[in-house]
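Survey of secondary and tertiary structure
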Amino acid sequence: MSTLHKQMRQELESKELFDLARSHAFEYMDGVEGMDVFPSEDNLEKLVNFDEPLQEESIPANQVIDQLHFYGSPNTVAHTAGRYFGFVLGGAVPVSLGVKWLSDVWDQCGGLYLTSPINAKIEAVCEHWLKDIFDFPKETVAGFVSGTSMANLSALAAARYQLLKKLGWDINENGLNGAPKLRIIAHEQIHASVKKTLSMLGFGKNSIEWVPSDNQGRLVLEKLPALDNHCLVLLQAGNANTGSFDNFDAICDLANQAGSWVHIDGAFGLWAVASKELSYLTKGIEKASSWAVDGHKTLNTPYDSGIVMCRYPEALACALQATGEYIIYSENRDPLLYTPELSKRSRAIELWATMKYLGKRGINEMVTTFYQRAKQLEKGLREAGFHIMNEVVFNQVLVAGNNDNETKGVIEYIQESGECWLGGSTWQGKTVIRVSICSWMTTKQDIDRTIRVFKKSKAKMQS
Ligand SMILES: *Cc1c(COP(=O)(O)O)cnc(C)c1O
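Residues numbered from 1 in each chain as written. Predicted model: local features only at pLDDT ≥ 70, side-chain atom pairs only at ≥ 80, totals over all residues. Heavy atoms only, no water.

1. Regarding the overall build of the protein chain
What counts here: A helix here means a DSSP run of H or I that spans at least four residues, while a strand means a run of E at least two residues long, and both kinds are numbered starting from the N terminus. Radius of gyration here is computed from C-alpha atoms only, and the compact-globule reference equals 2.2 Å multiplied by the residue count raised to the power 0.38. Partly exposed describes any residue whose relative accessible area lies between the buried limit of under 20% and the exposed limit of over 50%, with all areas from a 1.4 Å probe on protein chains only and scaled to the type maximum. Two residues qualify as a contact provided that any one of their heavy atoms is within 4.5 Å of a heavy atom in the partner residue. Each accessible area value is a Shrake-Rupley result obtained with a 1.4 Å probe; residue values ignore everything except the protein chains displayed when judging cover. Under the counting rule used here, the positive set is Lys and Arg, the negative set is Asp and Glu, and His together with the chain ends is not counted. For the purpose of locating charges, the reference atoms are NZ of Lys, CZ of Arg, CG of Asp and CD of Glu.
Along the protein chain, the regular secondary structure elements total 14 helices and eleven strands. In terms of C-alpha radius of gyration, the protein chain reaches 24 Å, essentially the compact-globule figure of 23 Å for 463 residues. Its C-alpha atoms put the protein chain at 70 × 60 × 45 Å along the principal axes. In the protein chain, which comprises 463 residues, the proportion classed as buried is 53%. For the protein chain, the share of sequence-separated contacts (at least 6 apart) that also reach a separation of at least 24 residues comes to 74%. As presented, the protein chain carries roughly 21,600 Å² of accessible surface, and 53% of it is formed by carbon and sulfur atoms. Averaging the positions of the 46 positive and the 55 negative side-chain charges in the protein chain gives two centres separated by 6 Å.

Written out as structure tokens, the structure is:
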């Protein structure tokens, strides 16, 4: 046995490195609420400690872990605490991190039943529960991918496969050259990841029939062109700026009559379905053909949790199928059938744990609370003289000052404060501040404090 081999065996036996990692992780957990929400300049400068050539010899494991903690932990973004409002991120429910640790030790290859029966089982259970929560048709299948970007890609590949198949064209055999022309119907406010996906699948931006969207970023129904069986219609549950929802009910009815395929990108918004107060926003989603949603945003699972769901299992499996003689099919679920990947981590475990821990009532409470905090912020900022630029229907609040310069100044002041973090965006030609509330950690007090920071920024600008 080489020295290195002996050393690694010894590390497994002594568990010292795991104790060290655990102690650093606990220190991080205890400190995350107090740390700067975005790293300070002083901390960022310490990142140079990672600029080093790879040395020749193996080094002790504790040095590796210490380096990551000392220079890495302070350079994280504290989105697992309560005052990160940038993009649409989301926190992590504690139990989801706990099961992730356990399953990380298992290190399963989640592609096949034969490489991980437990992962295959958990995926099947998650699929069942998700269909129940979203009230999707019983034939729907789910694939567990890294995020909504991959879920969108998978779903749109399924749509492309199925629409062409019905038009007498097998894309897996014949490719895109010479295929019947599909019509892509999208509104201007679909997410950048959907636009990217369309390009990756061979539908360039210029081939899209763009439909106007209204002042909340919803597709204008009256402007929808006549649909037919060549159409792929792209809708959205949760606009990344305003949080608005398309009119699924009416559009799906039209699309289904015409034999079109409707895909809903519901990365964070689809979970509104689980809130008694907000489920009206998702009316009609069950009539679509495919959906993409994240665990790692609204549901607060750790990162690397996206879900593609499709009413037509064949279409999804055929579009994503990797064929090769080394693939062994079993009678049980083979997760790779519904994802582009073969090897993947057993990521559905965190999703399973989060749903099981919260239960339907817990999910309802968490999602509804995001909305209530958003309303609290809206009210406080209006009273403080800020302009609210969207109808706050879900967890997103768009804020502006009296002019673009003032708004930019507010963003800069708040980002530098370290007390909370939020980003800028543009909405209808104006610079706006985008606030996204989607961590279970965000309390009323966090929102009060955030309102105070906004007020301070305004006072600073006027002084
Ligand atoms: C975040 C987001 C995506 C992309 O999801 P990832 O999980 O980041 O890949 C797509 N659509 C919408 C509406 C989003 O908010």
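This is not the end of the story, as more comes after the structure.
2. A word on helix α9 (residues 192–200)
Quick reminder of the rule: Each C-beta atom gives one direction from the helix axis, and the arc is the one those directions make.
Taken together, the buried positions of α9 are occupied by S193, V194, T197 and L198. One side of α9 carries all its buried residues, which in axial view fall inside an arc of 145°. Residues of α9 that are buried sit in contact with α7 (148–166), β2 (183–187), β3 (208–211), β4 (231–236) and β5 (261–265). Positive backbone phi, approximately 95°, marks G202, located one or two places after α9.

3. Structural notes on the pairing of strand β11 (residues 430–436)
Quick note on the threshold: Think of it this way: DSSP has to see at least two bridges between two strands before they count as a pair.
The buried fraction of β11 amounts to six of the seven residues, a majority that puts the element mostly inside the structure. Bridge count between strand β9 (residues 396–400) and β11: four bridges; the pairing is antiparallel. Paired with V397 across the strands is V435, a residue of β11. In this structure, strand β10 (residues 423–427) lies alongside β11, joined through five bridges in antiparallel fashion. Within β11, the residue paired with S425 across the bridge is V432. The turn linking β10 back onto β11 is made up of two residues, and Q428 within it adopts a positive phi angle of 50°.

4. Digging into the site of the ligand
Stated formally: Residues are counted as near a molecule or strand when any one of their heavy atoms sits within 4 Å of it. Polar contact is defined as a pair of N or O atoms within 3.5 Å, subject to the rule that within protein one atom must be able to donate a hydrogen and the other to accept it, and that residues adjacent in sequence are counted only when both atoms are side-chain atoms. Gly is put with the polar residues, along with every residue not named as nonpolar or charged; the nonpolar set is Ala, Val, Leu, Ile, Met, Phe, Trp, Tyr, Cys and Pro, and the charged set is Asp, Glu, Lys and Arg.
The local shell around the ligand consists of G147, T148, S149, H191, S193, G238, D265, A267, F268, D294, H296 and K297. One nitrogen or oxygen atom from the side chain of S149 is found 2.6 Å from an oxygen atom belonging to the ligand. Here H191 contributes a side-chain N or O atom positioned 3.4 Å from a nitrogen atom of the ligand. Alone, the ligand offers 380 Å² of accessible surface; in the complex the protein occludes 85% of this. By residue class, the composition of the shell around the ligand is two nonpolar, seven polar and three charged.

5. Some thoughts on unusual backbone geometry
With a phi angle near 65°, K15 is a residue other than glycine that sits in the positive phi range. Tracing the backbone through its elements, the reader meets K15 in the loop between α1 (3–14) and α2 (16–31). The class of K15 is partly exposed, set by a relative accessible area of 44%. At D135, a position not held by glycine, the phi torsion is positive, near 60°.

6. So, a negative patch on the surface
Stated formally: Patch definition: residues with relative accessible area over 30% and no salt bridge; like charges joined within 9 Å; nonpolar side chains (Val, Leu, Ile, Met, Phe, Trp, Tyr) joined within 5 Å. In the sections that follow, a salt bridge refers to a side-chain nitrogen of Lys or Arg positioned within 4 Å of a carboxyl oxygen of Asp or Glu.
On the surface, E41, D42, E45, E412 and E416 cluster together into a negatively charged patch. Every element with two or more residues in the negative patch is listed here: α3 (41–45) and α13 (404–417). Top element by residues in the negative patch is α3. It accounts for three residues. Examined against the element boundaries, E416 turns out to sit in helix α13.

7. Some remarks on the nonpolar core
Keep this limit in mind: For this analysis, a nonpolar core means a set of buried residues of the types Ala, Val, Leu, Ile, Met, Phe, Trp, Tyr and Cys, connected via side-chain atoms within 4.5 Å.
Residues F134, I264, V435 and F454 are the most contacted members of the largest nonpolar core, which totals 78 residues. Sequence-distant contacts of V435, defined by excluding residues within four places in its chain, comprise F85, L377, N395, Q396, V397, V399, L422 and F454. Counting 38 residues, the second largest nonpolar core, distinct from the first, contains A157, A179, I190 and F203.

8. Quick notes on the sheet that holds β2
Convention followed: Between the N-to-C directions of two axes lies an angle of 0 to 180 degrees, each axis being a line fitted to C-alpha atoms and, for a helix, fitted only over the stretch in contact.
Strand order in the open sheet made by the seven strands is β1-β7-β6-β5-β4-β2-β3, with mixed pairing throughout. Two strands in the sheet have a free side with no partner beyond their single neighbour: β1 (141–145) and β3. Neighbour-to-neighbour, the strand axes of the sheet open up by a mean angle of 20°, direction not taken into account. For β1 and strand β7 (residues 306–310), the ladder comprises five bridges, and the chain directions are antiparallel. When the bridges of β7 are listed, F144 appears paired with I307.

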